[in-house]
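What follows is each chain in one-letter form.
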Amino acid sequence: MSSSTKPLVLITGPSGYLAAHVLRQLVEARYPVRGTVRSEEKGQALKKEYGNKVEYVVVEDLVTADLTEAVKGVTLIAHCASPYHFAVTDPVKDILDPAVKGTLSVLRAASKEPSVKRIVITSSTAAVLDPFQGGPYREYMYTSKDFNPSTFAQATESGRPGPFVYSASKVLAEQAAWDFPEKTFEIVTLCPPMIYGPPVHPVSSTSALNTSTANIYKLISATTDAPLPQDRLPLYADVRDVATAHLRALEVPEAGNKRFLLCGGKFGWQEAVDFLRSTYPDRQARIPTGEPGKPLGRAVAAIDVQPAKDVLGIEFKEWKETVKDTVDALLEYEKRW
């Protein structure tokens, strides 16, 4: 199928870590793509990389913007833009509103554009795991029927930690999508855990790294006696696999109105540094030692990814490949920082 016969795809936040991979795969698959960007500068960066294969529209804030022009003539939407950080001063303003109202803003605009047939939404296992039952640390298999039971009221209680608020934002945004009353299109939601893998978006300095990639970089830019990060969420997926899942979720007819959990497996930070110290011997002085060979030490829940394999055809990368490819990319970036 040539690009002239493929439908126009809108992608929100294409300058972000995951969305940049989704954009690349869409372009490689010869889809015409329109992206929402927060500034003219970011739009020009997309044009510099992709030329006339990508168009853009400046949307400073998905929550408040009129998205009529963004969705005009669009058949498919990949809604990837949503905050991923734990620095919470005002939970509503910083995380909850951008996630929930941003999603609803896209859906409302799409419901007024007859050409829109399907919207794929980047959700998260944060919308799946039950924080009141151990989250990822329990003997249990999470499936697409599991939803994080956290409520808006709980997320806005004083003193709630950033990760709790973020997780609540993901489930509240996803539920808002499923409950949206004016659907004239199909919805697909994708729920990955921690996403790692080599970045393809511009990274001008360490401060420009996204959260998960910055965690990997800290493992190769520290000292041998530096403490390891907490194993808050040992479940992972490779960013390239998650991007492929977005592409397939847009394309595969059987994926419509389904929820897919994505996960490549699990690893702990001690396993990671043990692997890195053996794989990069010249870098050992900058990799924490920790307690070599120490296991996670507690049960980790399983994630039912069979539907993603069966319907979307995803084959998940093994964690060592993901971590090594991430580090190799970071070492190349480091030469330019």
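These numbers come from a predicted model, not from an experiment.

Trainee: Is there a simple way to think about the sheet that holds strand β10 (residues 259-261) in this case?
Mentor: Within a sheet, neighbouring strands are paired by backbone hydrogen bonds and run either parallel or antiparallel to one another. If you trace the seven strands from one edge of the open sheet to the other, you get β3-β2-β1-β4-β5-β7-β10, paired in parallel fashion. Among the strands making up the open sheet, the edge pair consists of β3 (54-58) and β10. Neighbour-to-neighbour, the strand axes of this sheet turn through a mean angle of 20 degrees, independent of strand direction. By the bridge criterion, five bridges tie strand β5 (residues 118-122) to strand β7 (residues 186-191) in an arrangement that is parallel. Directly across from Thr122, in β7, lies its bridge partner Leu190. Packing of helix α8 (residues 239-251) onto the sheet brings it into contact with β1 (9-12), β4 (76-79), β5 and β7, and relative to β5 it is tilted by some 160 degrees.

Trainee: Looking at this structure, I do not really get the nonpolar core. What am I missing?
Mentor: What tends to happen in soluble globular proteins is that the nonpolar side chains get buried as a cluster. Ranked by size, the top nonpolar core spans 76 residues in total, and within it Leu190 and Leu276 carry the most contacts. Core analysis: the second largest hydrophobic core is formed by 35 residues, Ile77, Ala155, Ala176 and Ala177 among them.

Trainee: Is there a simple way to think about the sheet that holds strand β9 (residues 235-238) in this case?
Mentor: Taking strand neighbours across the sheet as the criterion, the three strands line up as β8-β9-β11 in an open arrangement whose pairing is mixed. In the strand order of this sheet, the two ends are held by β8 (194-196) and β11 (265-266), each with one partner.

Trainee: What's the story with the packing of aromatic side chains in this structure? I'm lost.
Mentor: The way to describe two aromatic rings as a pair is by their centre distance and the angle between their planes. The full count for this structure, using the stated rule, is eleven aromatic pairs. Ring centres of Tyr196 and Trp269 lie 6.0 Å apart, and the angle between their planes is 80 degrees; this geometry places the pair in the edge-to-face category. Of this pair, Tyr196 sits in strand β8 while Trp269 is found in helix α9 (residues 269-279), placing the two residues 73 residues apart along the sequence. For the pair shown, Tyr196 and Trp269 are each scored as buried. Ring-pair connections join several aromatic residues into one group, and the members of that group are Tyr196, Tyr236, Phe267, Trp269, Phe275 and Trp319. A cation over an aromatic ring shows up here: Lys6 above the ring of Tyr31, its NZ or CZ 4.4 Å from the ring centre.

Trainee: Sorry, what's going on with unusual backbone geometry here?
Mentor: The phi torsion of most residues other than glycine is negative, and most of the peptide bonds are trans. The phi dihedral of Arg30 is positive, around 70 degrees, even though this residue is not glycine. Relative to the helices and strands, Arg30 resides in the loop between α1 (17-28) and β2 (33-37). For Arg30, a relative accessible area of 46% translates into the label partly exposed. Positive phi, normally seen in glycine, also occurs at Asn257, with a value near 60 degrees. Of the residues examined, Asn257 reaches a relative accessible area of 43% and is grouped as partly exposed.

Trainee: Is there a simple way to explain helix α4 (residues 91-111) in this structure?
Mentor: Residue pairs three or four apart in sequence face the same way in an α-helix, which turns once every 3.6 residues. Between the first and last C-alpha of α4 there are 28 Å, a value that for 21 residues agrees with the 30 Å anticipated at 1.5 Å per step. Asp97 marks the point of greatest bend in α4, at about 50 degrees, and the proline Pro98 comes within the next four residues. For α4, the side-chain oxygen to backbone nitrogen distance between the N-cap and Val92 is 3.0 Å, and the N-cap itself is Asp90.

Trainee: What am I meant to see in α8 here?
Mentor: Taking 1.5 Å per residue as the helical rise, α8 with its 13 residues ought to reach 18 Å, and the 19 Å between its terminal C-alpha atoms agrees with that figure. For α8, the buried fraction is high: eleven of the 13 residues fall into the buried class. Along α8, the residues classified as buried are Val239, Arg240, Asp241, Val242, Ala243, Thr244, Ala245, His246, Leu247, Ala249 and Leu250.

Trainee: Where do I start with the state of the cysteines in this structure?
Mentor: In protein chemistry, a disulfide is the covalent bond that joins the sulfur atoms of two cysteines. This structure, assessed with the given rule, holds zero disulfides. The thiol sulfur of Cys191 is not disulfide-bonded, and the nearest other cysteine sulfur, from Cys263, lies at 12 Å. A relative accessible area of 0% means that Cys191 is categorised as buried.

Trainee: Explain the pattern of salt bridges here, please?
Mentor: Opposite charge on two side chains permits pairing when their charged atoms draw close. Taken as a whole and assessed by the stated rule, the structure comprises 14 salt bridges. Notably, a salt bridge pairs Arg34 with Glu55, separated by 2.7 Å at the nearest N-O pair. In this pair, Arg34 is assigned in strand β2 and Glu55 in strand β3, connecting sequence segments 21 residues apart. According to the relative accessible area criterion, Arg34 is buried, its value standing at 9%. Accessibility expressed as a relative area gives 37% for Glu55, which makes it partly exposed. As a salt-bridge pair, Glu332 and Lys335 come within 2.8 Å of each other at their nearest N and O atoms. One salt-bridge network, in which partners are shared between bridges, spans Asp238, Arg240 and Asp325.

Trainee: Explain the side chain of Thr122 to me, please; I cannot follow it from the model alone.
Mentor: Assignment of secondary structure puts Thr122 in strand β5. Assessed through its relative accessible area of 10%, Thr122 is described here as buried. Reaching out from Thr122, the side chain makes a polar contact with the side chain of His246 at a distance of 2.7 Å. Beyond its immediate stretch of four places on either side in the chain, Thr122 contacts Leu18, His79, Cys80, Lys170, Leu190 and His246.

Trainee: What's the story with the pairing of β3 in this structure? I'm lost.
Mentor: Side-chain positions along a regular strand alternate between the two faces of the sheet. The pairing of β2 with β3 spans five bridges and is classified as parallel. Note that in β3 the partner of Arg34 across the bridge is Glu55. Note on the crossover from β2 through helix α2 (residues 40-50) to β3: the handedness is right-handed.

Thresholds, definitions, all that
- Going along each chain's sequence as written, the residues are numbered from 1 onward.
- The predicted origin of the model limits local features to residues at a pLDDT of at least 70 and limits the giving and counting of side-chain atom pairs to 80 or more, whereas totals for whole chains, interfaces and linings rest on all residues.
- The basis for every side-chain value is the complete set of non-hydrogen atoms in the structure, without hydrogens or water.
- Only strands joined by at least two bridges in the DSSP assignment are considered to pair.
- Each helix is a run of DSSP H or I of at least 4 residues and each strand a run of E of at least 2, with the numbering of both proceeding from the N terminus.
- Orientation is described by lines fitted to C-alpha atoms, with helices fitted over the stretch in contact, and by angles between N-to-C directions that extend from 0 to 180 degrees.
- Any pair of residues with heavy atoms lying within 4.5 Å of one another is described as a contacting pair.
- Remark: nonpolar core denotes a set of buried residues (Ala, Val, Leu, Ile, Met, Phe, Trp, Tyr, Cys) joined through side-chain atoms within 4.5 Å.
- When accessible area is computed with a 1.4 Å probe and restricted to protein chains, residues below 20% of their type maximum are described as buried, those above 50% as exposed, and intermediate ones as partly exposed.
- Whether two aromatic rings pair depends on their centres lying within 6.5 Å, for rings of Phe, Tyr and Trp, where Trp uses its six-membered ring; planes under 30 degrees apart make the pair stacked, over 60 edge-to-face, and the rest tilted.
- Working rule: Lys NZ or Arg CZ, within 6 Å of ring centre, within 35 degrees of ring normal, means a charge sits over the ring.
- Each helix should span, by expectation, one fewer than its residue count multiplied by 1.5 Å.
- Bend, at a single residue, is the angle you get between axes fitted to the 7 residues ending at that residue and the 7 residues starting at it.
- Between N or O atoms, a polar contact is any pair within 3.5 Å; within protein, one atom must be a potential hydrogen donor and the other a potential acceptor, and residues adjacent in sequence are included only when both atoms are from side chains.
- Criterion for a disulfide: a pair of cysteine sulfur atoms within 2.5 Å.
- Whenever Lys or Arg places a side-chain nitrogen within 4 Å of a carboxyl oxygen from Asp or Glu, that contact is recorded as a salt bridge.
- If the strands point away from the viewer and the path from the first strand over the helix to the second runs clockwise, then the crossover is right-handed.

These results come straight from atomic positions and should not be treated as a statement about function.
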